[in-house]
Amino acid sequence: MDIKAVKTTPFQDQILGTSGLRKKVSVVRQTHYIENFVQSIFDSLDGFEGKTLVIGGDGRFYNSQAIQMIIKIAVANQFGRLVIGQNGILSTPAASHLIVKKQAFGGIILSASHNPGGSDGDFGIKYDIETGAPAPQTLADAISARTKNIDRYWTIDLPEIDLSRIGEQTVGSTVIEVIDSVSDYALYMQEIFDFNLIRSLFRQGFTMTFDSMNAVTGPYAKYIFETLLGAAEGSVIRATPLPDFGGVHPEPNLTYNKSLVDFMKSDQATDFAAASDGDGDRYMILGPSFFVNPSDSLAILAGYMDQIPFYASSMSGVARSMPTSAAVDMVARQKGFPVFETPTGWKFFGSLLGARKIALCGEESFGAGSSHLYEKDGIWAVLFWLTILAKTGLSVQRVNEELWHAYGRIYTSTHSYEDLDSAKAKLLMEQLRSSLPTLPQKEYNGFKIKEAFDFSYTDPITGDVADKQGICLVFEDHSRIVMRLSGTGSSGATLRVYYNRFMGDPKDFSRDVQEVIEPLVTISKDVSDLKALTGREYPTVIT
Ligand code: G1P
Ligand code: ZN
C-alpha cells in the first residue's frame, strides 16, 4: 500500500460554526475540499495512529462519495480501525454512542443536521472526540486554523469499499469494519428505558406517529417503535432516508413540519406524535392539537429524570443554552439540582457531562440529551416522553399543563430572520452591542429593561472563555429578549431573536404564544432598528 502526499492549497472558508463545517454541496465538491478539511482535523489531533475512527452520516447527497474519500485519508493517516455504518448511515447520537462503545479515538459525522439536502442543498462535517462529544471550541479553533495553512494531505489508491456489506476487511494496517447502523443504539436505549413499560402502553391501544422526515431516523424509529415496542405498523412515516430528504426541509418545528402539526389537529390525530431532523439529534413532541415547546419539554424531562433507574446514581445538575427558557431552572431549583447556562451549541455541554456536573441538558432549538451520550438525541427524548406517558397515564397536554400549574408558564418563541445580507446583520449586532450601556432603565410600553449585556461564558471545567454569545435584554418583570446570529448557515446570515415572558396566573396558561410575546417583538425591532437595517419586517421562521 503506497501512501501518497498530495500537494494542496488552503480554502479560506473552512471555519467551524455552531456545529462543525456547513457548506453548500457545490462548495464541498471542489477538488481537494473534503480531503483538506479531513486532513486538517487529523493534523489537529495527536496519537490516533492504530486507534479506531467511527464514520457515518445522515445519508444526504454526497454522503457516500465523501465517506470513500475519508476512508482513504484515514487509512493513509494510519488509523487502526474504521467503524462505518452500513450504507454510510449513522445518526449523530448513534455515532456518538459507537465512539464510546468501540473505545474509538473519535468520529467523523457527515451531516448538515436540519439543513436541506440534495445536490443544491447543504453538506456538513463534524468531528466528535473520544467521549462522543462534539469537538470542543479549542479543538474547533485549531482545526479552522490548520485549514488556512494546509499544504498537503495523505491518501492512498483504493478501490471503492462496498458499504452495503456488513463485515471486515483489512487495507494495509487498517481494518475497515462495516456495521449495522441501528442495533448498538437500539440495545443501548433498552438499557436506559423500560421497554416493557412502553410496550404495555401500545398494548392498551395507545397510538403514535413518528415522522422521520425522509431522514436518518427512519430505520432506527421503525425498529425501535414498531418492531421492539409494538407501535402499529405504519406509525413511523417518511421512514426511508433519501439523499434530498424528498425535498423536505428536515427540521422538526412548527414551520418546517407543518404537515405533522396539521395532522395532529385533524380527526385522525394519534395520541402522540414526534418528529426528528436530518441527523436524528432533534425532536418535536405533539399531542392532539397541542405542541410542547422544547424549553418546557426540557423542564418536564428534568421533573421525571429521577424516576428512571438508569439515572438514579448520576442525577446531578442540568444545563441549558442561554436562549433556552428558564422553565428547567424552576424544576431544578425545586429538586435541588444545580443549573448551568451555556452558550448556544452542544459543544458547551461536553465538559460538564464529562465532569459529571450535569446529567441532563437541552436547547430551545428542539435538542435534548443526557449523560447517556454526549450529543443531543431525538429518539432518546421521544422514548423518555413515552416513558412519562406510560408511567402517569396522562395525555401530552396534561403533562405539560402540570408543569405550568406547578411553576407558572414561560411563554417562549424564537423568531429567525433567514438569508439576511451578512454585512447588514453584523452591523445590526454591532450597533446593538454598542448601545448596551444606554439600555438599562429604559422603558418601552410598560416594559422596563433591568439588564442589558452580551452573554459571555467561562467553562467551569476547562476555563475556556466564549464571549459575544448573544445580546440579552432582561426586563423588570423577568421577560427576556435574546438576539444572536446563527452559526450553522451555509450562506448569508440568520438573525435569531428569542422571546420569554412569564405568566404566573393559571387563567393566563392557555393564551396564544405570539400574542403574549407581541410587545417584546415590537421592542426587539425598535432597539435593534431591525427594519431599517435588514429591510425585513417579519421573521421567516417562527418556532
Ligand atoms: C442551531 C441552534 C442551536 C443548535 C445548532 C445545532 O444553531 O440554534 O441551538 O445547537 O443549531 O443543531 P444556530 O444556527 O442558531 O447557530
Ligand atoms: Zn441535527
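Relevant structure appears above.
Position numbers for residues start from 1 in each chain and track the written sequence from start to end. As they are written, the chains are lettered A onward and the ligands numbered 1 onward, keeping that order. With the structure being a predicted model, the display of local features is reserved for residues of pLDDT at least 70 and the display and counting of side-chain atom pairs for 80 or more, all residues being used for whole-chain, interface and lining totals. Side-chain metrics rest on all non-hydrogen atoms present in the structure, leaving aside hydrogens and water.

(A) Spotlight on the packing of aromatic side chains. Side-chain rings of Phe, Tyr and Trp, where Trp is taken by its six-membered ring, are said to pair if the distance between their centres is within 6.5 Å; with planes under 30 degrees apart they count as stacked, over 60 as edge-to-face, and otherwise as tilted. One pass over the full model with this rule turns up 21 aromatic pairs. Ring centres of Tyr62 and Phe123 lie 5.7 Å apart, and the angle between their planes is 80 degrees; on these two criteria the pair is classed as edge-to-face. Within this pair, whereas Tyr62 is found in the loop between strand E3 (52-57) and helix H3 (63-76), its partner Phe123 is found in strand E6 (residues 122-128), the two being separated by 61 residues in sequence. Type-normalised accessible area, obtained with a 1.4 Å probe on protein chains alone, sets the label of each residue: buried when under 20%, exposed when over 50%, and partly exposed for intermediate values. Judged by relative accessible area, which is 0%, Phe123 ranks as buried. Relative to Phe475, the ring of Phe447 has its centre 6.1 Å away and its plane inclined at 85 degrees; by these criteria the two rings are edge-to-face. A residue pair is termed long-range when its members are at least 10 positions apart, and Phe447 in strand E21 (residues 447-454) and Phe475 in strand E24 (residues 471-475) qualify at 28 residues. Secondary structure elements follow DSSP: runs of H or I no shorter than four residues count as helices, runs of E no shorter than two count as strands, and numbering proceeds from the N terminus.

(B) Seen up close, the sheet that holds strand E26 (residues 493-503). If you walk across this open sheet you meet the seven strands as E20-E21-E24-E25-E26-E19-E27, and the pairing is antiparallel. The strands lining the two open edges of the sheet, one partner per strand, are strand E20 (443-444) and strand E27 (541-542). One requirement defines pairing of two strands: DSSP has to find at least two bridges between them. Pairing of E21 with E24 involves five bridges; the strand directions are antiparallel. Bridge pairing links Asp454 to Ile471 in E24. Sitting on the sheet, helix H15 (residues 422-435) touches strand E19 (409-420), E21, E24, strand E25 (480-485) and E26, and the angle it makes with E25 is about 140 degrees. Residue contacts are defined here by distance: any two heavy atoms, one from each residue, within 4.5 Å place the two residues in contact. For helices, the axis comes from a line fit to the C-alpha atoms of the stretch in contact; other axes are also lines fit to C-alpha atoms, and the angle between any two N-to-C directions lies between 0 and 180 degrees.

(C) Broad picture of the nonpolar core. One finds Phe225, Phe272, Trp380, Leu383, Trp385 and Leu386 to be the most contacted residues of the largest nonpolar core, which totals 79 residues. Considering each element in turn, this core owes the most residues, 11 residues, to helix H13 (residues 378-392). Ignoring sequence-local partners within four residues, the contact set of Trp385 consists of Phe272, Tyr283, Ile285, Val292, Ser297, Ile300, Leu301, Val396 and Val399. Counting 64 residues, the second largest nonpolar core, distinct from the first, contains Val28, Val75, Leu139 and Tyr498. Residues belong to one nonpolar core when they are buried, are Ala, Val, Leu, Ile, Met, Phe, Trp, Tyr or Cys, and are joined through side-chain atoms within 4.5 Å.

(D) Quick look at the sheet that holds strand E15 (residues 317-321). One open sheet holds the four strands; their spatial order is E16-E15-E17-E18, and the pairing between them is mixed. On the outer flanks of this sheet lie strand E16 (339-342) and strand E18 (367-370), each paired with one strand and no other. Each strand of the sheet is rotated relative to its neighbour by a mean of 15 degrees, with strand direction disregarded. Strand direction decides the pairing type here: E15 and strand E17 (residues 358-363), joined by four bridges, are parallel. Counted as the bridge partner of Arg320 is Gly362 from E17. Lying over the sheet, helix H10 (residues 294-304) contacts E15, E17 and E18, oriented at roughly 165 degrees with respect to E17.

(E) Quick peek at the environment of Pro519. Note on placement: Pro519 falls in helix H16 (residues 513-528). A residue is classified by how much of its surface remains accessible, and Pro519, at 21% relative accessible area, is partly exposed. As for Pro519 and Gly446, which are separated by 73 residues in sequence, their C-alpha atoms are 9.4 Å apart. Beyond its immediate stretch of four places on either side in the chain, Pro519 contacts Phe447 and Arg501.

(F) View of the pairing of strand E13 (residues 283-287). Burial analysis of E13 places five of its five residues in the buried class, the great majority of the element. Of the two faces of E13, both are covered, the one formed by Tyr283, Ile285 and Gly287 as well as the one formed by Met284 and Leu286. Taken together, the four bridges between strand E12 (residues 272-276) and E13 define a ladder with antiparallel strand orientation. Within E13, the residue paired with Ala275 across the bridge is Met284. The hairpin formed by E12 and E13 contains six residues between the paired strands, and Gly280 there has a positive phi angle of roughly 80 degrees. By the bridge criterion, three bridges tie E13 to strand E14 (residues 290-292) in an arrangement that is antiparallel. Of the residues in E14, the one forming a bridge with Leu286 is Phe291. The antiparallel pairing of E13 with E14 creates a hairpin that spans two residues between the two strands, and Ser289 there sits at a positive phi of about 50 degrees.

(G) Inspection of a nonpolar patch on the surface at higher detail. On the surface, a nonpolar cluster with roughly 270 Å² of combined accessible area is contributed by Met1, Ile3 and Trp154. Tracing the backbone shows Trp154 in strand E7 (residues 152-156). A patch consists of residues whose relative accessible area exceeds 30% and which take part in no salt bridge; residues with like charges are grouped when within 9 Å of each other, and nonpolar side chains (Val, Leu, Ile, Met, Phe, Trp, Tyr) when within 5 Å. Per-residue accessibility takes into account occlusion by the displayed protein chains alone, with areas from the Shrake-Rupley method and a 1.4 Å probe. The rule for a salt bridge is simple: a side-chain nitrogen of Lys or Arg has to be within 4 Å of a carboxyl oxygen of Asp or Glu.

(H) Seen up close, the coordination of the zinc ion (ligand 2). Around the zinc ion (ligand 2), the protein contributes the donor atoms Ser113 (OG), Asp277 (OD), Asp279 (OD) and Asp281 (OD), which lie 2.0 to 2.1 Å from the metal centre. The donor set covers N, O and S atoms within 2.8 Å of the metal, switching to 3.2 Å for Na, K and Ca, and it leaves out water, so a site may look short of donors. Donor angles set the geometry label: tetrahedral for four donors if every angle is between 85 and 135 degrees, square planar for four and octahedral for six if opposite donors exceed 155 degrees and the others are between 65 and 115, irregular for anything else. Coordination at the zinc ion (ligand 2) is irregular: its four donor atoms span angles of 87 to 161 degrees at the metal. When the donor residues of the zinc ion (ligand 2) are listed from N- to C-terminus, their spacing reads S-x163-D-x1-D-x1-D. Placement of the pair is Ser113 in the loop between strand E5 (106-110) and E6 and Asp277 in the loop between E12 and E13, with a sequence separation of 164 residues. Accessibility classification places Ser113 together with Asp277 in one group, the buried group.

(I) Examining the pattern of salt bridges more closely. On inspection of all chains with the given rule, the structure shows 28 salt bridges. The partner of Arg320 in a salt bridge is Asp329, and the shortest N-O contact between them spans 2.7 Å. We note that Arg320, like Asp329, is buried. Ionic pairing is found between Asp505 and Lys507, a salt bridge with its closest N-O pair at 3.3 Å. The exposure class assigned to Asp505 is partly exposed, which follows from its relative accessible area of 33%. On the basis of relative accessibility, which here comes to 64%, the residue Lys507 falls in the exposed class. Residues joined by salt bridges that share partners form a network here, namely Arg81, Lys102, Glu168 and Glu177.

(J) Structural view of the site of ligand 1. By nearness alone, 13 residues border ligand 1, and Thr18, Ser365, Gly487, Thr488 and Arg496 come closest of all. We define a polar contact as two N or O atoms separated by no more than 3.5 Å, with the added condition that, inside protein, one atom must be a possible hydrogen donor and the other a possible acceptor, whereas residues neighbouring each other in sequence contribute only through side-chain atom pairs. Contact distances for ligand 1 include 2.9 Å between an oxygen atom and a side-chain N or O atom of Arg282. Taking Lys376, its side chain carries an N or O atom lying 2.7 Å from an oxygen atom of ligand 1. Against a free-state accessible area of 380 Å², the protein chains account for coverage of 97% of ligand 1. Residues are grouped as follows: nonpolar covers Ala, Val, Leu, Ile, Met, Phe, Trp, Tyr, Cys and Pro; charged covers Asp, Glu, Lys and Arg; every other residue, Gly included, is treated as polar. Residues that form the shell around ligand 1 fall into these classes: no nonpolar, eight polar and five charged. The rule for a residue being near a molecule or strand is that one of its heavy atoms must lie within 4 Å of it.

Note that all results are geometric; they support no functional claim without further evidence.
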